[in-house]
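A look at the structure
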Amino acid sequence: MIFITAKFRVRPEHADRWPEISAAFTEATRAEPGCLWFDWSRSVDDPTEYVLVEAFRDEEAGAAHVRSKHFRDAQRTLPPHLAETPRIVNTTLPQEDWSLLAEMAVQDGG
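The paragraphs below set out a description of the structure included in this document. (Residues numbered from 1 in each chain as written. Predicted model: local features only at pLDDT ≥ 70, side-chain atom pairs only at ≥ 80, totals over all residues. Heavy atoms only, no water.)

Some remarks on the pairing of strand β1 (residues 2–9)
- Bridge count between β1 and strand β3 (residues 49–56): eight bridges; the pairing is antiparallel. Directly across from F3, in β3, lies its bridge partner A55.
- As judged from the six bridges shared by β1 and strand β4 (residues 87–92), these two strands associate in the antiparallel manner. From the neighbouring strand, I2 faces β4, where its bridge partner is T92. (Pairing = 2+ DSSP bridges. Helix = DSSP H or I, 4+ residues; strand = E, 2+ residues; numbered from the N terminus.)

Topic: the pattern of salt bridges
- Scanning the entire structure with this criterion turns up 11 salt bridges.
- As a salt-bridge pair, E49 and R87 come within 3.2 Å of each other at their nearest N and O atoms. Here the residue E49 occupies a position in strand β3, and R87 occupies one in strand β4, the gap between them amounting to 38 residues.
- Note on E49: relative accessible area 9%, which makes it buried.
- It is possible to trace a salt-bridge network through shared partners that takes in R9, D46, E49, E84 and R87. (Salt bridge = Lys/Arg side-chain N within 4 Å of Asp/Glu carboxyl O. Buried < 20%, exposed > 50% of the residue type's maximum accessible area, 1.4 Å probe, protein only.)

A few points about the side chain of H81
- Tracing the sequence through the fold places H81 in the loop between α4 (69–77) and β4.
- Relative accessible area serves as the criterion here: at 18%, H81 is assigned to the buried category.
- One polar contact links H81 to H14, side chain to side chain, over a distance of 3.3 Å. (Polar contact = N/O pair within 3.5 Å; in protein donor to acceptor, adjacent residues only side chain to side chain.)

Observations regarding the nonpolar core
- Grouped together as the largest cluster of nonpolar side chains are 18 residues, with contacts concentrated most on F8, V10, W18 and L78.
- Those elements that place two or more of their residues in this core are β1, α1 (18–21), β2 (35–42) and β3.
- The leading source of residues in this core is β1, at four residues.
- Ignoring any residue separated from it by four or fewer positions in sequence, one finds W18 in contact with F8, V10, W40, Y50, L78, H81 and L82.
- If you look at the next biggest cluster of nonpolar residues, it comprises six residues, including M1, W37, V53 and A55. (Core = buried A, V, L, I, M, F, W, Y, C linked by side-chain atoms within 4.5 Å. Contact = heavy atoms within 4.5 Å.)

Describing helix α2 (residues 23–30)
- All of the buried residues in α2 are F25, T26 and T29. Down the axis of α2, the sector holding all buried residues measures 100 degrees, keeping them to one side. Away from its buried face, by an angle of more than 90 degrees, α2 presents the exposed residues A24 and E27.
- The elements touched by buried residues of α2 are β2, β3, α3 (59–67) and α4. (Arc of directions from axis to C-beta.)

Structural data, given as structure tokens:
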């Protein structure tokens, strides 16, 4: 799978509305057949920073995402709300889902 983590620093005046601003892009991406997940989180240290964790089935699915109309639309509509160019980590992993964090295993019953 292709695993991507990106940090988006949103202009302060748009930070509280970022989930709404990015909603169409998020929904369309989640509906892509090759999208495994596409999840936003807001930083607990910086209210203007959102972290996007996304994964695609394979390189073909990742390429289809970048070629999609909603991606092109997002390239036009999202940057005016950003304070800086997003930062990204993008890698290919030989797995299809999240692995368990064995060092913090939860026993039956919590």
